[in-house]
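Descriptive structure summary
Single-letter residue listing:
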Amino acid sequence: MARRSSSAYGSLLLGSADQGPLRLRVRIQTMLTVLLVGTNIIGSVIVAALTFVVIPGEGINARFGLVVAITTPTYVLLAVIFGATFGTIMGLRGLRWVILEREPTDVERYAALRLPWRLSLMQAVLWDVAAIFYGTLAFFLQPRAVFGAVASVVIAGLVVTTIAYLFAEFALRPVAARALAGHEPTRTRGMGVQWRMLVFWGLGTAAPVLGLVVAAMLVLVFPASSKVQFAIVVLGLSGIILAFGLLVTALTARSVVNPLRSVTDALSRVRDGDYDAEVVVYDGTELGTLQAGFNDMVQGLREREAIRDMFGRHVGREVAEAAELGAVELGGETRFVTVLFVDLVSSTTYATEHSPTEVVEVLNRFFGVVVEEVDRYHGLVNKFMGDAVLAIFGAPVTRADHAAQALAAARAMARRLAAEVVEVGAGIGVATGEVVAGNIGDESRFEYTVIGDAVNSASRLTDLAKDVPGRVLVMQASVDAAAAAEAGRWTPAEPVVLRGRPDPTPVAVLA
């Protein structure tokens, strides 16, 4: 199961990726309401500052000033009530599939991804109405203030609408993630990053700068304006540009950086070997494509790792690693190795007297002990042959101490089998010599194995080991090839004649 962080959407304010629909609804509705109220209050403050202080022109007369002072809070209150009601209805209607926890249709998915734009458009309409309203008031009460009044509202509306979009997109990330689940984002579902940056620069920076242009035009229209008044204009509009330009830029940067950061954080986890890392896709632009692409990449890595693990379990991890590195020659190569062969005693009799389930349980315990000890001493379990196991030490990875490792594995294996698999016994044979190691078979289907006299000798020794104390019989050549510390644990025994050989073979048993 892929894991996601608790701040999967780039902020703890948005909750976790697995939060319930009711909690998500309350969270989004609260954030959007705060957004609507806050942005409109900010906008009204900007309008008041621009109208009464910043934008020059003929001085605001008392009657017009009183009307503006009374109507501005009233209009903001009505706009908030209308916007909250209409926005909630529009949002809940478009997000019904989230509340019902069902898969959205293509139309619902598209509508959900466009919801920030629709909410921002609603804000823009409210501010357009405000511009017409105040322009009309100015036309009847103070005609020469029309231009300044309309310009003030338009500039404030552009700034507020931009901030509203960025906040709405932020608040609706969990919805976008659900809408994009299982669907790669495309440019038709969101404005591209390049256009987004250009538009937000225009709204957050160019619009306030336009105020400077308006101020200069008004100074030209009203040349009686003082230099002090013009300085106030420049300073006021510069403050708006710096403050809100910085805010819009910061929010825009955050909307770009958060998706990138989610990918880089997940990439760090993958680099550390965590292939369950997954990024929540919540952006409908190229950034969302990047997030989805990362998830596809990690899915491919998970599948590759699963195949590698399965391959390693079937042929041995060292063989799998050597095959990846191209270290094993196709067709075989001559290697000097030590072969360990282990076979159960009277397994046929045990099978006839017990149920298949009991037989399998015993075999699994037997194989478990053998595999653990072979792995512990850096060998390779090459084959499971019924109730027998063939293990190799020194191939495919060359080891100078392969004989000592095989002998140590044989000792540990014999001790554990006698204690943990008491139902049946097992004989263990060890032989050292030259073999041909490589991939045997056809190009379409082959296996890694070893062929040579050492393999045959280990098999023959296993049969004889079933009748000696300790049930371990090894070639003296293996003891001679081992380091002194391991060789001291073995003692020579009476040479034996192996089947298929005319001469006796020196052997050793546990000391």
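Think of each chain on its own: its residues are numbered from 1, step by step along the sequence as written. Since the coordinates come from a predicted model, pLDDT governs what is reported: local features require at least 70, and pairs of side-chain atoms require 80 or more to be given and counted, while whole-chain, interface and lining totals use all residues. Hydrogens and water are ignored here; the side-chain numbers use all heavy atoms of the structure.

**Section: the overall build of the protein**
When helices and strands are tallied, the protein shows 16 helices and 8 strands. The contact criterion used throughout is that any non-hydrogen atoms of two residues lie within 4.5 Å. In the protein, 73% of the contacts between residues at least 6 apart in sequence involve partners at least 24 apart. Element-wise, carbon and sulfur atoms account for 64% of the exposed surface of the protein, whose accessible area totals about 25,400 Å². Secondary structure follows DSSP: runs of H or I at least 4 residues long count as helices, runs of E at least 2 residues long count as strands, and numbering of each begins at the N terminus. Exposure was quantified through the Shrake-Rupley algorithm and a 1.4 Å probe, taking into account, for residues, occlusion by the shown protein chains and nothing else.

**What to know about the packing of helix α12 (residues 356-376) against helix α13 (residues 402-420)**
Pairs of packed helices are described in terms of their axes, by the angle between the two and the distance that separates them. Close contact between α12 and α13 brings their axes to 9 Å; oriented N to C, the two are set at 155 degrees. Classified by the angle between their axes, α12 and α13 sit roughly antiparallel to one another. Relative to α13, α12 is oriented so that their crossing is right-handed. For the pair formed by α12 and α13, the contact residues are Arg365, Phe366, Val369, Val370, Glu372, Glu373, Val374 and Arg376 on the first element and Ala409, Ala412, Met413, Arg416, Leu417 and Glu420 on the second. Axis lines are fitted to C-alpha atoms, over the contacting stretch for helices. Their N-to-C directions set the angle, which ranges from 0 to 180 degrees. These descriptions rest on fixed angle ranges, namely under 35 degrees for roughly parallel, over 145 for roughly antiparallel, 65 to 115 for roughly perpendicular, and the rest for oblique. Put simply, a crossing is left-handed when the front helix is turned counterclockwise from the back one by less than a right angle, and right-handed when it is turned clockwise.

**Quick notes on the pattern of salt bridges**
Salt bridges, as used here, are contacts in which a Lys or Arg side-chain nitrogen is within 4 Å of a carboxyl oxygen on Asp or Glu. Taken as a whole and assessed by the stated rule, the structure comprises 14 salt bridges. Of the charged contacts in the structure, one is a salt bridge between arginine 501 and aspartate 453, with a shortest N-O distance of 2.0 Å. Note that arginine 501 is positioned in the loop between β7 (490-496) and β8 (505-510) and aspartate 453 in helix α14 (residues 453-465), a separation of 48 residues in sequence. Residue exposure (1.4 Å probe, protein chains only): buried if accessible area is under 20% of the type maximum, exposed if over 50%, otherwise partly exposed. On the basis of relative accessible area, arginine 501 is assigned to the partly exposed category, the value being 25%.

**Comments concerning the pairing of strand β6 (residues 472-475)**
The side-chain alternation of β6 yields two buried faces, one formed by Val472 and Val474 and the other by Leu473 and Met475. Two strands are counted as paired when DSSP detects at least two bridges linking them. Sheet analysis places strand β4 (residues 425-442) next to β6, joined by 3 bridges and oriented parallel. When the bridges of β6 are listed, glycine 429 appears paired with leucine 473. Bridging between β6 and β8 involves 2 bridges; their strand directions are antiparallel. Looking across to β8, one finds that valine 474 is bridged to alanine 508.

**Topic: the nonpolar core**
We define a nonpolar core as any set of buried Ala, Val, Leu, Ile, Met, Phe, Trp, Tyr and Cys residues linked to one another through side-chain atoms lying within 4.5 Å. Counting residues in hydrophobic clusters, the biggest one holds 36 residues, and the most contacted among them are Leu340, Val342, Phe366, Met413, Leu417, Ile428 and Val474. Only β1 (333-345), α12, β3 (388-393), α13, β4 and β6 provide two or more residues apiece to this core. Non-local contacts of phenylalanine 366, meaning those with residues more than four positions away in its chain, are made with Val342, Leu344, Asp387, Val389, Leu417, Val421 and Ala426. Among the nonpolar cores identified, the runner-up in size contains 24 residues, and Phe341, Val435, Ala454 and Val507 belong to it.

**Comments concerning the environment of arginine 411**
Turning to its location among the elements, arginine 411 is positioned in helix α13. The spatial distance from the C-alpha of arginine 411 to the C-alpha of leucine 510 is 7.9 Å, given a sequence separation of 99 residues. Ignoring any residue separated from it by four or fewer positions in sequence, one finds arginine 411 in contact with Glu486, Arg489, Trp490 and Leu510.

**Brief notes about the packing of helix α4 (residues 106-141) against helix α6 (residues 173-180)**
Contact geometry for α4 and α6: axes closest at 9 Å, N-to-C directions at 155 degrees. The pairing of α4 with α6 is recorded here as roughly antiparallel in orientation. α4 and α6 meet at a crossing whose hand is left-handed. Contact residues: α4 offers Arg109, Ala112 and Leu113, while α6 offers Val175, Ala176, Ala179 and Leu180. Gly is placed with the polar residues, together with every amino acid not listed as nonpolar (Ala, Val, Leu, Ile, Met, Phe, Trp, Tyr, Cys and Pro) or charged (Asp, Glu, Lys and Arg). In the contact of α4 with α6, the residues fall into 6 nonpolar, no polar and 1 charged.

**Notes on the packing of aromatic side chains**
Pairs were defined over the aromatic rings of Phe, Tyr and Trp, the Trp ring being its six-membered one, requiring ring centres within 6.5 Å. Orientation was assigned from the angle between planes: stacked under 30 degrees, edge-to-face over 60, tilted for the rest. Counted under the stated rule, the structure contains 3 aromatic pairs. Judged by centre distance (4.2 Å) and plane angle (35 degrees), the ring pair of tryptophan 117 and tyrosine 165 falls under tilted. In this pair, tryptophan 117 sits in helix α4 while tyrosine 165 sits in helix α5 (residues 146-171), placing the two residues 48 residues apart along the sequence. When the ring of phenylalanine 366 is compared with that of phenylalanine 367, the centres are 5.2 Å apart and the planes differ by 45 degrees; the resulting orientation is tilted. An identical accessibility class is assigned to phenylalanine 366 and phenylalanine 367; each is buried. In textbook terms, an aromatic cluster arises when at least three aromatic residues are bridged by ring pairs, as seen for Phe366, Phe367 and Phe384.

**Comments concerning the pairing of β8**
Relative to β8, β7 runs antiparallel, the two sharing 5 bridges. Its bridge partner lying in β8, alanine 493 is registered against valine 507.

**Concerning the environment of threonine 249**
By the secondary structure assignment, threonine 249 is in helix α8 (residues 227-271). Note: C-alpha distance between threonine 249 and tryptophan 201 (48 residues apart in sequence) is 7.5 Å.

**Topic: the confidence of the model for the protein**
Looking at the protein, pLDDT values average 80 and 79% of them are 70 or higher. Along the chain, pLDDT gives the predictor's confidence residue by residue, from 0 to 100. Mean pLDDT values for the elements of the protein range from 61 in helix α10 (residues 317-325) up to 97 in β6.

**Things to note about α12**
A helix is expected to reach a length of 1.5 Å times the quantity of its residues less one. Spanning 21 residues, α12 covers 30 Å between terminal C-alpha atoms, matching the ideal 30 Å at 1.5 Å per step. Where α12 is buried, its residues touch β1, α11 (347-353), β2 (380-385), β3, α13 and β4. Just beyond α12, the residue with positive phi is histidine 378, at close to 65 degrees.

**Focus: the environment of valine 47**
Structurally, the position occupied by valine 47 is in helix α1 (residues 21-54). Under the relative-accessibility criterion, valine 47 is labelled buried at 8%. Each C-alpha atom, one on valine 47 and one on serine 152, is 5.3 Å from the other, the two residues being 105 residues apart in sequence.

**Regarding unusual backbone geometry**
Cis peptide bonds are those with omega within 30 degrees of zero, and the linkage from alanine 395 to proline 396 qualifies with 0 degrees. One can find proline 396 in the loop between β3 and α13. Even without glycine at this site, histidine 378 takes up a positive phi of about 65 degrees. You can call histidine 378 partly exposed: its relative accessible area is 37%. Within the chain, arginine 471 stands out as a residue other than glycine whose phi angle is a positive 55 degrees. Mapped onto the secondary structure, arginine 471 falls in the loop between α14 and β6. Owing to a relative accessible area of 31%, arginine 471 belongs among the partly exposed residues under this scheme.

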